[in-house]
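# Observations on the three-dimensional arrangement
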Protein chains: 2
Amino acid sequence: MASNDASLSVGRGFDSVSSLPDALHVGQEEGFDFVCTPIVDPIAPSKYQGDLAAGLNAVDESFAQSDTILSHAEWSRFIVAAISDWINVDSKDPYLQRLSSEALQRELRWAIHLGVPCIMLPLASPDVVRLANTIAPFVSSSRMTQFWVRAPLVARELINSQPDEQQRLLLARSDADRPLYSSWEWWNQLRRLLAPCLRFNVALELTSDICDENGLLQWEAEPIKALIVPTSIFLTNSKGNPVLSKAHQALFLRFMRLNPQVVVVGDAAEGQTHNIYLRYLHFLFSKRAPPSTYQSFTKGYEDYIEIPLQPLMDNLESQTYETFEKDPIKYVQYQKAVEKALLDRIPESEAENTTAVVMVVGAGRGPLVQRTLDAAAEVGRQVRVYAVEKNPNAVITLKHRKRTEWADRVTVVSQDMRRWQAPEQADILVSELLGSWGDNELSPECLDGAQRFLKPDGISIPEEYTSYLVPVAAHRVHTDLSGHTLPKALETPYVVLLHNHVLLAPEIKPLFKFSHPNPECSNPDGPDNQRYMTVAFKASHSGLMHGFAGYFDSKLYGDVYISIHPETHTPDMFSWFPMFIPLKNPVYLRQGETVKAHVWRKADQHKVWYEWCITSPQVSDIHNLGGEHYFVGL
Amino acid sequence: MASNDASLSVGRGFDSVSSLPDALHVGQEEGFDFVCTPIVDPIAPSKYQGDLAAGLNAVDESFAQSDTILSHAEWSRFIVAAISDWINVDSKDPYLQRLSSEALQRELRWAIHLGVPCIMLPLASPDVVRLANTIAPFVSSSRMTQFWVRAPLVARELINSQPDEQQRLLLARSDADRPLYSSWEWWNQLRRLLAPCLRFNVALELTSDICDENGLLQWEAEPIKALIVPTSIFLTNSKGNPVLSKAHQALFLRFMRLNPQVVVVGDAAEGQTHNIYLRYLHFLFSKRAPPSTYQSFTKGYEDYIEIPLQPLMDNLESQTYETFEKDPIKYVQYQKAVEKALLDRIPESEAENTTAVVMVVGAGRGPLVQRTLDAAAEVGRQVRVYAVEKNPNAVITLKHRKRTEWADRVTVVSQDMRRWQAPEQADILVSELLGSWGDNELSPECLDGAQRFLKPDGISIPEEYTSYLVPVAAHRVHTDLSGHTLPKALETPYVVLLHNHVLLAPEIKPLFKFSHPNPECSNPDGPDNQRYMTVAFKASHSGLMHGFAGYFDSKLYGDVYISIHPETHTPDMFSWFPMFIPLKNPVYLRQGETVKAHVWRKADQHKVWYEWCITSPQVSDIHNLGGEHYFVGL
Ligand SMILES: C[S@@+](CC[C@H](N)C(=O)[O-])C[C@H]1O[C@@H](n2cnc3c(N)ncnc32)[C@H](O)[C@@H]1O
Ligand SMILES: C[S@@+](CC[C@H](N)C(=O)[O-])C[C@H]1O[C@@H](n2cnc3c(N)ncnc32)[C@H](O)[C@@H]1O
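Residues numbered from 1 in each chain as written. Chains lettered and ligands numbered in written order. Predicted model: local features only at pLDDT ≥ 70, side-chain atom pairs only at ≥ 80, totals over all residues. Heavy atoms only, no water.

Attention shifts here to the site of ligand 1. Residues and elements named next belong to chain A. Near ligand 1, the surroundings consist of 20 residues, among which Y321, Y331, E389, D416 and M417 are the closest. Residue K390 places a main-chain N or O atom 3.4 Å away from a nitrogen atom belonging to ligand 1. Contacts to ligand 1 include M417, whose backbone N or O atom sits 2.9 Å from a nitrogen atom. The fraction of the free accessible surface of ligand 1 (590 Å²) that becomes covered by protein chains is 97%. Counting residues per element, the ones that place at least two in the shell around ligand 1 are α14 (318-324), α15 (330-345) and α16 (367-379). Looking at the shell around ligand 1 residue by residue, the class counts come to 10 nonpolar, 4 polar and 6 charged. (Near = heavy atom within 4 Å. Polar contact = N/O pair within 3.5 Å; in protein donor to acceptor, adjacent residues only side chain to side chain. Areas by Shrake-Rupley, 256 points an atom, 1.4 Å probe, with all protein chains shown as cover. Helix = DSSP H or I, 4+ residues; strand = E, 2+ residues; numbered from the N terminus. Nonpolar A, V, L, I, M, F, W, Y, C, P; charged D, E, K, R; others polar.)

This brings us to the UniProt feature "active site" (unreviewed entry) in chain A. Residue and element names in this part refer to chain A. The UniProt feature table records "active site" (unreviewed entry) at E432 and E441. Contacts of E432, omitting those with residues within four sequence positions, involve K330, Y334, L368 and W576. Within the structure, E432 has its side chain in polar contact with the side chain of K330 (distance 2.6 Å). Assignment of secondary structure puts E441 in the loop between β15 (426-431) and α18 (443-450). Residue classification places E441 among the buried residues on the basis of a relative accessible area of 17%. (UniProt positions renumbered as here; feature names shortened; annotations may be inferred. Contact = heavy atoms within 4.5 Å. Buried < 20%, exposed > 50% of the residue type's maximum accessible area, 1.4 Å probe, protein only.)

So, on to the pattern of salt bridges. Across all of its chains, the model carries 54 salt bridges over all chains by this definition. Salt-bridge contacts for E220(A) lead to R254(A); the nearest nitrogen and oxygen are separated by 3.0 Å. Of this pair, E220(A) sits in helix α10 (residues 213-220) while R254(A) is found in helix α11 (residues 246-256), placing the two residues 34 residues apart along the sequence. Between E464(B) and K513(B) there is a salt bridge, with its nearest N and O atoms 3.4 Å apart. Of this pair, E464(B) sits in strand β17 (residues 464-473) while K513(B) is found in strand β20 (residues 509-515), placing the two residues 49 residues apart along the sequence. (Salt bridge = Lys/Arg side-chain N within 4 Å of Asp/Glu carboxyl O.)

On to the relation of the copies chain B and chain A, then. Structural alignment of chain B on chain A gives an RMSD of 0.0 Å, achieved by rotating through 180° and translating 0.1 Å along the axis. Given the turn and translation reported, the copies of this chain are related as if by a two-fold rotation axis. Residue by residue, 100% of the interface of chain B is reproduced at the interface of chain A, so both copies engage with the same surface. (Least-squares fit on C-alpha atoms with pLDDT ≥ 70 in both.)

It is worth spelling out the site of ligand 2 at this point. Residue and element names in this part refer to chain B. Near ligand 2, the surroundings consist of 20 residues, among which Y321, Y331, E389, D416 and M417 are the closest. At 2.6 Å, a side-chain N or O of E389 approaches an oxygen atom of ligand 2. In the environment of ligand 2, a nitrogen atom lies 3.4 Å from a nitrogen or oxygen atom belonging to the backbone of K390. Coverage of ligand 2 by the protein chains reaches 97% of its 590 Å² of free accessible surface. Listing elements by their share of the shell around ligand 2, those giving two or more residues are α14 (318-324), α15 (330-345) and α16 (367-379). For the shell around ligand 2, the class distribution of residues is 10 nonpolar, 4 polar and 6 charged.

Here we take up the domain arrangement of chain A. All names here are of chain A. Split into domains, chain A comes out as domain 1 (10-287), domain 2 (318-461) and domain 3 (464-633). Contact with domain 1, which involves 22 residues of that partner, is made by 20 residues of domain 3. Of the roughly 1,700 Å² buried where domain 1 meets domain 3, counting both sides, 54% is carbon and sulfur surface. It is R192, L198 and A221 that lose the most area in domain 1 upon contact with domain 3, and together they represent 27% of the buried surface on that side. At the junction of domain 1 and domain 3, the tally comes to 0 salt bridges. (Domains from an automatic or database assignment. Buried area = accessible area lost by both parts, 1.4 Å probe.)

This part covers the sheet that holds strand β3 (residues 79-82) of chain B. Residue and element names in this part refer to chain B. Ordered in space as β1-β2-β3-β4-β5-β6-β7-β10, the 8 strands form a closed barrel in which the pairing is parallel. For this sheet the average axis-to-axis angle between neighbouring strands, irrespective of direction, equals 25°. With 4 bridges joining them, strand β6 (residues 200-205) and strand β7 (residues 224-230) adopt parallel strand pairing. Looking at β7, one finds that E205 is bridged to I228. The sheet strands contacting helix α12 (residues 275-286) are β1 (10-13), β7 and β10 (261-265), and the helix crosses β10 at an angle near 145°. (Pairing = 2+ DSSP bridges. Axes fitted to C-alpha atoms, helices over the stretch in contact; angles between N-to-C directions.)

Contacts between the two partners involve 30 residues from chain B, matched on the other side by 32 residues from chain A. For the pair chain B and chain A, the two sides together bury roughly 2,600 Å², of which 51% comes from carbon and sulfur. Applying the counting rule to chain B against chain A returns 2 salt bridges. The partner of D67(B) in a salt bridge is R365(A), and the shortest N-O contact between them spans 2.9 Å. Linking chain B to chain A there are 14 residue pairs in polar contact (both at pLDDT 80 or more). When residues of the side of chain B that touches chain A are traced back to their parent elements, those giving at least two are α3 (72-78), α4 (94-114), α14 and α17 (392-406) of chain B. Along the lines of polarity and charge, the residues of the side of chain B that touches chain A split into 11 nonpolar, 11 polar and 8 charged.

Right under this line is the structure:
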């Protein structure tokens, strides 16, 4: 049942089965990877209406067959257990409520006893409080079992198709505060009632109606582990074969980005087997757009949580250097910037008898040193290069390159730039000390420290950089972090290639900006790189805000930029993934509400850190107060 | 570099190399899986004897080449970094000590920077305190790197071959308390100085001398992750090819049980390449004895730690029943026992008109029910069977089997045997409620509760069971448990197929014995199943005691037994693995010393638990006092 980017795993859903081994056999014969089926004998509780004892007895006696009808290997690999869909523990009918509660617990116990990999729960109404209460102990105690909450994309349709008095009243009960006809609201309430759990996810059922773009965005932030495709939404093409409408095709492929498994439910068209739907979906899947360069390079990192580097306190490892040296574009941009700076610095007329002093500060294993030499050759200017690096392991490689490649053109300096006594002043300082949030790897502090040996009219590449902020819904990442036992887990910014997420505001807003050379360096007590900013956002649609996404862009020199801001992202540059800045307690945002965010960049003698909070629509704690949970050492 | 039972991973060791890429190439051409080599340019510190600055400078300048000479993929898959063997941070020579300390740290930093999977450290003297102190921060901070401590099997040889004043004094300094010439003692001291770490292991180097059996046993309890085979221990056969002596062959295969990787070191014989040694070792490896039935069934579970079942508080899952129903021998023994009991109970003459009432209490999914019916058929006796089971999920299967197989012959009772009001008295109670330590799954309490409905002269199968105890050295398992953060981790008994372990006493001693029917049941306030025992053991050889191994045997009926006691183990029966009862702090045992163990079985209204401690050769805490960390719920 494992799924990955390259393959599609499709199951066949059964409404009811008289023999599970037969159903499994049929599903496999038709080419399906698994089946999704009730695991109990069908009972019709309404038959016993009014007679609770008889109803409970029916639940008990004709309950299920033996667990030996399949082997453990079969149960655990091929069966998704669908909880009976008549069950409604939130029913207003006390008889049905009681019977449902008994039956649900018994089915869950049985499914867990069988060792099925996944249990599918129906979500058919906005009332989910008792449902949450009943399933919670099962979800938390079963360590391996996955849960899929089966939610319809458009709930209204469900209401029409099941003309139940209670449900018909829903539209009437709905109000702007909680649109009861939105199945996303049902799911949102259910998952918030339960403790965060990576095994508790959504099986989204496509419906013939499709919701508006905001509705789709709401779902795109959710952990959609299965996509249910009913045969009833298929059209028939001229050859008499089932096909999806253009709109449904687009929808299917759009959700495929999240890598769900697929379940085909409903009857096959007259004279067809389900295999034809399976083949159609495989065909559709094969027509996905091929991955971009960026996607190929970053595959496997989606929603993977990394703790930001500590570039000063720790030394980067060989593998880290090797990885970022593979970026196909970052160094191109830097070379362009150095070329422009050299041309501005040394007029053509002086090219012959002027040598520019270029210092690469934080040289790593030397790629910017090489690019500097290349730039000089390209524009016909002479340079004397210093490679300053504080990581002794990287210096070993720099020395080796000097011996074997660069010779006298480069001086290797094994020093922290903030303390180095340079033998001369530089015309150009080249550095790449940027983090995903711009200043978060302490580029400001390091470059301020190096400014001593930059000529007063010298150039810094980069010239400036800015961090950005936007509220985000990212259930998967936040749930993952909630699973960590340390209290600091939700008071730390992370580096994450945010994938299963949605931005909750139309505009990404700038936060902190730093420029070099820094005029404040001449202040009597040096520059102050502390900052405080308030930023307001208007929610573009209702959603659950899990925190903020952070980005940066940087003007390297003149018109040469690098950026990971989604709207100006330097194509194919993969050296930086976004930042995720969590809120301990997710906040429900209504469309149009204002998020008011406060962010601090603070520093003392030994460290730099961020603090953050919101004051609207609710007031949160101030996160990471005093840098208690996360700081960057100076 | 992954190794598994079925394959042998062999590396080639180099003493010094001028080009690492060449060495890797040579090793791969010769068919080796990896190479084990210094990663720094060779320096000869003795050249700078007396001139510390020059020595340190030599360490600095001619240190290493660039990390770019290999790709990260190569570093991380094919290179074991051997720390320079001249390094001796515990040297009495202050100059060599200082130089060694600098060089060792630098080599460790560089190896970790390179991302090699494994670092090999030389262990050449009994003085290891500064070595431990120097490496400790590297071991604890590098999360992925493995460490191999290269220890000679027989240290005396090393002392002879390296005639260094300091080392020649060793034998003189040795005393009975700490035999300094035993390399196991060096390792033992080193690993105890460091925090427990599963990544810190032994590379045992075979020597031409072989130690006595006790010496081999000492090593067999240790985490031997690599076996170093020097070419110098090979003999030359009549065809002029290198072969190992019979004794070395046996030794090699003996240590192969622990699945180490192998490293061939030393020069090849005149006119040979190293490939011939590689082929010889592969050939030898292929001649290992094939796995026994027991080994095939239990493969993959070696040293895997399981928390004992809670048979009363929890319900077993389908998979668990399926697994133990596969035992090829347990049910055969039970059937034999039932046959004998039926024959004893009903004389041939009464076979026609007497029906024995057999109650299978704790019937699970019914295998003992079936065996009871089979036994009756086999010996021509009539039985009326009750299947009593408290797990509602198992009852579903029992009911199904009654419907489809057993019909009127079996009555299924969905009850706890301690509370069931039986409609009649039983002639025979059949149960299997035994844990790895006999009584630890509360068989005594359950069967005492069922005795109400056993006829006064009725038979219980099993009739009796006994638990056993022996002190054990088991570095791997104890280290694994030490890694768990909960304080309870080392105050809980576990179920473990002990593999990389050695028993430290010649005799395994009986502990608690229970018999059924229990005469104490007629006591006014019922039976008392609490126990306290003191047991003494004499250490058969020096070793580090990590706790106790526990076993059980049981007389089912008459002369029919089942046992997991190593000396009487029922062949091929795999339903129970041994128990491991840890000591929080391992205790160093000298050969001949007495271990005095105290074990309690305690109970209150709600639970049963064990407490344990030792009072010789040292006094330990009483573990699990009051059942705080581990108990079995009633
Ligand atoms: C992000 S890496 C960039 C390396 C290389 N310039 C490149 O672009 O591939 C930053 C480098 O700066 C070094 N560095 C950071 N702070 C420094 C400081 N204060 N003095 C010297 N080097 C520093 C780090 O050790 C690291 O090698
Ligand atoms: C180790 S299993 C043995 C099952 C089966 N007899 C066999 O040998 O394969 C023990 C069974 O006893 C049941 N059991 C344990 N204590 C019980 C009790 N007090 N009353 C009824 N059943 C009990 C457990 O639920 C479990 O199914």
